[in-house]
Amino acid sequence: MAINEINLDQKLSNLNKVAIQIGGKKYNLSVDDELYADFVGVQAEVSAYFAELDESMTDEEFASMSQSERRDVVTGIFVDVKEKMTDVIDKVLGEGEGARLYEYYGKKTIALSYILNELAEIYKKSIKAKKSAKQEKVNRYRSKR
C-alpha cells in the first residue's frame, strides 16, 4: 500500500514571507504574529487617543476657540497620530521608513494609515491561506478513509 505524502512545510513556508513594494522600494517581510500585533497595537492606540481626546474637550469648547487655537489642536492630533504610525512602520519596514514614506506620499497621514491597513490585510490573507492548507490536508486524509 502506497503512502500519500503531503509536504505542508513547503506550502506553509510560502505563506510566511511576502515581498511588497511601497514608496518605490521593495521589502521582504516575515508574516507573523508579532507583525500583526504591531498593527493591532497602533489601531488600538489611535482609537484610545481619539476617545481620550473626545472626552477631554466638548464640541462647544472646541467651537469657542479661536481659529488659531483650533488649528493648533488639529495639527497636534495629526502630529501625534503620524508619530504612532511612523513608529510602527519603522518597526516593520526599518528605521526611518515611516518618515520616508510620509514624505514620499506627499506628507499624508492617510497614506500611512492605508499602508498599515494593507499590511494587516496581507497578514489576514496569510492566516486564511494557512488554514486552507491545513483544511486541505484534513480533507485528503478523510477522502482516503
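That block above? That's the structure.
Every chain is numbered independently, its residues counted from 1 as its sequence is written. Local features in this predicted model are restricted to residues of pLDDT 70 or higher, and side-chain atom pairs are both shown and tallied only at a pLDDT of 80 or more, whereas totals for entire chains, interfaces and linings draw on every residue. As a convention, hydrogens and water are excluded, and side-chain values are obtained from all of the structure's heavy atoms.

Participant: Which parts of the structure should I look at to understand the nonpolar core?
Facilitator: Side chains of nonpolar character tend, in soluble globular proteins, to be buried together. Residues belong to a common nonpolar core when they are buried Ala, Val, Leu, Ile, Met, Phe, Trp, Tyr or Cys residues joined through side-chain atoms within 4.5 Å. Buried, partly exposed and exposed residues are distinguished by accessible area as a fraction of the type maximum, computed with a 1.4 Å probe on protein chains only: under 20%, between the cut-offs, and over 50%, respectively. Ranked by internal contacts, the top residues of the largest apolar core, which has 23 residues, are Ile22, Phe39, Val92, Leu93 and Leu119. Runs of E in the DSSP output that reach at least two residues are strands. Runs of H or I that reach at least four are helices, and both are numbered from the N terminus. Those elements that provide at least two residues to this core are β1 (17-22), β2 (25-30), α2 (33-56), α4 (67-93), α5 (97-104) and α6 (109-144). Per-element tally for this core: the top contributor is α4, with 7 residues. Contacts were defined at the residue level, with two residues in contact if any of their heavy atoms lie within 4.5 Å. When sequence neighbours within four positions are dropped, the list of residues in contact with Val92 reads Leu29, Leu35, Asp38, Phe39 and Leu119.

Participant: In this structure, what is going on with the pattern of salt bridges? I would like to understand it.
Facilitator: Oppositely charged side chains can pair when the atoms bearing their charge come close. By definition here, a salt bridge exists when the distance from a side-chain nitrogen of Lys or Arg to a carboxyl oxygen of Asp or Glu is within 4 Å. By the definition in use, this model includes 5 salt bridges. Between Lys25 and Glu97 there is a salt bridge, with its nearest N and O atoms 3.3 Å apart. Placement of Lys25 in strand β2 and of Glu97 in helix α5 is noted, with a sequence separation of 72 residues between them. Taking the shortest distance from any N to any O, the salt bridge between Lys107 and Glu103 comes out at 4.0 Å. It is possible to trace a salt-bridge network through shared partners that takes in Lys25, Glu97 and Arg100.

Participant: Even after reading the chapter, I still don't get the side chain of Thr86, so can you show me in this structure?
Facilitator: Turning to its location among the elements, Thr86 is positioned in helix α4. The exposure class of Thr86 is buried, given its relative accessible area of 10%. Within the local environment of Thr86, its side chain forms a polar contact with the backbone oxygen of Glu83, the two atoms lying 3.1 Å apart. Each residue touching Thr86, except ones within four places of it in the same chain, is listed here: Gly98, Ala99 and Leu112. Any N or O atom pair separated by 3.5 Å or less is treated as a polar contact, with the protein-specific requirement of one donor-capable and one acceptor-capable atom, and with residues adjacent in sequence counted only for side-chain atom pairs.

Participant: Explain the packing of aromatic side chains to me, please; I cannot follow it from the model alone.
Facilitator: How two aromatic rings sit relative to each other is set out by the distance from centre to centre and by the angle between their planes. Only rings of Phe, Tyr and Trp enter the pairing, Trp through its six-membered ring, and a pair is recorded when the two centres are within 6.5 Å. The plane angle decides the type: under 30 degrees is stacked, over 60 is edge-to-face, the rest tilted. One pass over the full model with this rule turns up 1 aromatic pair. On the basis of an interplanar angle of 80° and a centroid distance of 4.9 Å, the ring pair of Tyr104 and Tyr105 is categorised as edge-to-face. Cation placement over rings: the criterion is NZ of Lys or CZ of Arg within 6 Å of the ring centroid and within 35° of the ring normal. The residue whose ring lies beneath Lys82 is Tyr102, and the NZ or CZ to ring-centre distance is 4.6 Å. Note that Arg100 overlies the ring of Tyr104, its terminal NZ or CZ placed 5.9 Å from the centroid.

Participant: I'm lost on a negative patch on the surface in this one. Help?
Facilitator: Patch members must show over 30% relative accessible area and no salt bridge, and they are joined within 9 Å when carrying like charges or within 5 Å when they are nonpolar side chains of Val, Leu, Ile, Met, Phe, Trp or Tyr. For accessible areas, the Shrake-Rupley method is used with a probe of radius 1.4 Å. Any residue's cover is judged against the shown protein chains and nothing else. Charge assignment in this entry is limited to Lys and Arg as positive and Asp and Glu as negative, and neither His nor the chain termini are counted. Each charge is placed at NZ for Lys, CZ for Arg, CG for Asp and CD for Glu. Judged by side-chain charge, Glu52, Asp54, Glu55, Asp59, Glu60 and Glu61 come together as a negatively charged surface patch. Secondary-structure elements contributing two or more residues to the negative patch are α2 and α3 (59-64). The residue Glu61 is located in helix α3 in this model. Overall, the relative accessible area of 42% leaves Glu61 in the partly exposed class.

Participant: Quick question: what am I supposed to make of the packing of α2 against α4 here?
Facilitator: Two measures define how a pair of helices packs: the angle their axes make with one another and the distance between the axes. The contact between α2 and α4 brings their axes to 10 Å, and the two run at 170°. The angle between α2 and α4 falls in the class roughly antiparallel. Only Gly76, Ile77, Asp80, Val81, Lys84, Met85, Val88, Lys91 and Val92 of α4 make contact with α2, whose side of the interface consists of Glu34, Leu35, Asp38, Phe39, Val42, Glu45, Val46, Tyr49, Phe50 and Leu53. To get an axis, a line is fitted to the C-alpha atoms, and for a helix only the part in contact is used. The angle between two axes follows their N-to-C directions and goes from 0 to 180 degrees. We call two directions roughly parallel when the angle between them is under 35 degrees, roughly antiparallel when it is over 145, roughly perpendicular when it lies between 65 and 115, and oblique otherwise.

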